[in-house]
Amino acid sequence: MRWDALRLDGGIGTGDGGQGEPAPLFARSAVARTFDTPEFRGVTFYEIHARSIINRVPAASRVPFEWTINPYRGCTHACRYCFARKSHEYLDLDSGRDFDSKIVVKVNAPELVRRELAAPRWGGHPIAMGTNVDCYQRAEGRYRLMPGILAALRDARNPFSILTKGSLILRDLGLLAEAAEVTDVSTAVSVGFTDESLWRAVEPGTPSPRKRLEVCATLNAHGIPCGVLMAPILPYLSDSPQALETTVRRIAEAGATYVTPIVLHLRPGAREWFMAWLSREHPRLVPRYLELYGRGAYAPKAYQERIGQTVRALARRHGVGRPAPPGARGHRSDPRPASPPAPAMTPEQLTLL
Ligand code: SF4
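None of the values given here were measured: they were computed from a predicted structure.

Draft legend 1. Focus on the overall build of the protein chain. Counting its regular elements, the protein chain contains 12 helices and 11 strands. Here the protein chain holds 353 residues, and 44% of them are scored as buried. Summarising the internal contacts of the protein chain: among those between residues at least 6 apart in sequence, 79% fall at separations of at least 24.

Written as structure tokens, this is what we have:
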């Protein structure tokens, strides 16, 4: 691996040395570690000391947030469609199995966050987490980086948002609630579909969709606004009227503050991995996918619009974001009005991630 030589370009990171010179990504060499427990069998962790942790998103990204924190690279949640797969290639790792099983852990993330938030040049901007890989993936159960990060954000009263598929976020409920007392905190879980056999096939390392919706309900019940990114919606696999109806109904029952539908996009890295799976498991769908994604990473606009309209109509019908009657099971008890995450993301912006 070429990590010792890896450099960031000047546009990303606060650690560009201030001289216009790219800085080394990692301060020291990685320590490789494995754990002989069932949940981590076959997984190697590369513990590294990062130079910087609050990253500035390049302006060309056109996403609605400017600053991110990513304590991990790679993700054992192993979603076949994950758009972050390509980023593993920058480490001389592959975007397939290596992405799922070779996880980079920035072990000094909490202390870096605290230090960078205290720097005079830091402007208190909102910070998004979970925008590259999941900060509540299984590794977090062992490395426990998020409590230190959340405590630093709380102490600095710095607004932040978290997107996750991990139920581990509930471990940090107390810290999230404390932060929400002093600054803007928003959360979202992603649940593209609720079919359990499809979940096992496509998102094999994640908590079930049912569990994720329970997470959403619990967060809202504790006054931490949580919406749902209905992502990704998989053409011909999870886009039937019945599948969309079931998923939106369950999202509404979980008390989500909003639902944002996002159709699958297949960029390089994810594309090869997902299509290899599709060829094995659903070969008859391959020509139909080539029709949709033959010219690029995104499904045709007409298809995306049709799905978006359907989901929005279902959301209205099932009352997503509408306050539940007092005592209703699974709905939030917090009287605050439903609100989208800060910063809010439109489907168009999210597909650019
Ligand atoms: S949970 Fe998110 S980051 Fe992790 S593999 Fe799935 S899509 Fe990628």
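Draft legend 2. Geometry of the nonpolar core. In this structure, Val228, Met230 and Ile251 are the most contacted members of the largest nonpolar core, which totals 90 residues. In contact with Ile251, not counting residues within four places along its chain, are Val191, Leu213, Val228, Met230, Ala256, Val259 and Val320.

Draft legend 3. Main features of the packing of helix H8 (residues 241-253) against helix H11 (residues 301-318). Running from N to C, H8 and H11 point in directions that differ by 45°, and their axes come no closer than 9 Å. Between H8 and H11, the interaxial angle falls into the category oblique. Judged by the sense of rotation from one axis to the other, the crossing of H8 with H11 is right-handed. Each of Leu244, Glu245, Val248, Arg249 and Ala252 in H8 lies in contact with H11, whose residues at this interface are Thr310, Val311, Leu314, Ala315 and His318. Residue composition of the contact of H8 with H11, by class: 6 nonpolar, 2 polar and 2 charged.

Draft legend 4. Highlighting the pairing of strand S11 (residues 259-263). Buried residues dominate S11, accounting for 5 of its 5 residues. Taken together, the 4 bridges between strand S10 (residues 226-233) and S11 define a ladder with parallel strand orientation. Directly across from Ile233, in S11, lies its bridge partner Val263. Between S10 and its parallel partner S11, the chain crosses via H8, and the hand of that crossover is right-handed.

Draft legend 5. Geometry of the site of the ligand. Within the structure, the ligand sits among Cys75, His77, Ala78, Cys79, Cys82, Ala84, Val133, Asp134, Gln137, Lys165 and Thr206. Here the shell around the ligand is composed, by residue class, of 6 nonpolar, 3 polar and 2 charged.

Draft legend 6. Quick look at the sheet that holds strand S9 (residues 185-190). Pairing is mixed across the open sheet formed by 7 strands, whose spatial order is S3-S4-S7-S8-S9-S10-S11. Bordering the open sheet on either side are strand S3 (54-56) and S11, each of which pairs with just one other strand. Shown here is a sheet whose adjacent strand axes are inclined to one another by a mean of 25°, direction ignored. Across 3 bridges, the pairing between S3 and strand S4 (residues 67-69) is antiparallel. What sits directly across from Ile54, in S4, is Ile69.

Draft legend 7. Quick look at the sheet that holds strand S5 (residues 72-73). Taken in spatial order, the 4 strands make up an open sheet running S1-S2-S6-S5, and their pairing is mixed. Across the chains shown, the open sheet's two edge strands, defined by having one partner strand only, are strand S1 (31-33) and S5. Inspection of the sheet shows strand S2 (residues 44-48) paired to strand S6 (residues 102-106) by 5 bridges, in the parallel sense. Paired with Tyr46 across the bridge in S6 is Val104.

Draft legend 8. Region of interest: the environment of Ser29. Position of Ser29 among the secondary structure elements: in the segment before S1. Note on Ser29: 13 C-beta atoms within 10 Å, which makes it partly exposed. For the pair Ser29 and Glu47, spaced 18 residues apart in sequence, the C-alpha to C-alpha distance is 8.6 Å.

Draft legend 9. Structural context of helix H9 (residues 270-281). Counted at 1.5 Å a residue, the expected span for H9 with its 12 residues is 16 Å, and the 16 Å between its end C-alpha atoms agrees. Listed as buried for H9 are Ala270, Trp273, Phe274 and Leu278. The buried side chains of H9 occupy one side of the element, clustering within an arc of 130° when seen end-on. Residues of H9 that are exposed and point more than 90 degrees away from the buried face comprise Ala276, Ser279 and Arg280. Buried residues along H9 sit against helix H10 (286-293).

Draft legend 10. Seen up close, the confidence of the model for the protein chain. Looking at the protein chain, pLDDT values average 87 and 84% of them are 70 or higher. Note that pLDDT drops below 50 for residues 4-24; the model gives that stretch 35 contacts with residues more than four away or on any other chain. Predicted confidence is poor over residues 327-353, with pLDDT under 50, and the contacts of this stretch with residues over four places away or in other chains come to 53 contacts.

Reading the values: the criteria
Residues numbered from 1 in each chain as written. Predicted model: local features only at pLDDT ≥ 70, side-chain atom pairs only at ≥ 80, totals over all residues. Helix = DSSP H or I, 4+ residues; strand = E, 2+ residues; numbered from the N terminus. Buried ≥ 20, exposed ≤ 12 C-beta atoms within 10 Å, placed from the backbone. Contact = placed C-beta atoms within 7 Å. Core = buried A, V, L, I, M, F, W, Y, C linked by C-beta atoms within 7 Å. Axes fitted to C-alpha atoms, helices over the stretch in contact; angles between N-to-C directions. Parallel < 35°, antiparallel > 145°, perpendicular 65-115°, else oblique. Left-handed = near helix turned anticlockwise from the far one by under 90°. Nonpolar A, V, L, I, M, F, W, Y, C, P; charged D, E, K, R; others polar. Pairing = 2+ DSSP bridges. Right-handed = clockwise from strand over helix to strand, strands pointing away. Near = placed C-beta within 6 Å. Expected span 1.5 Å × (residues − 1). Arc of directions from axis to C-beta. pLDDT = per-residue confidence, 0-100.

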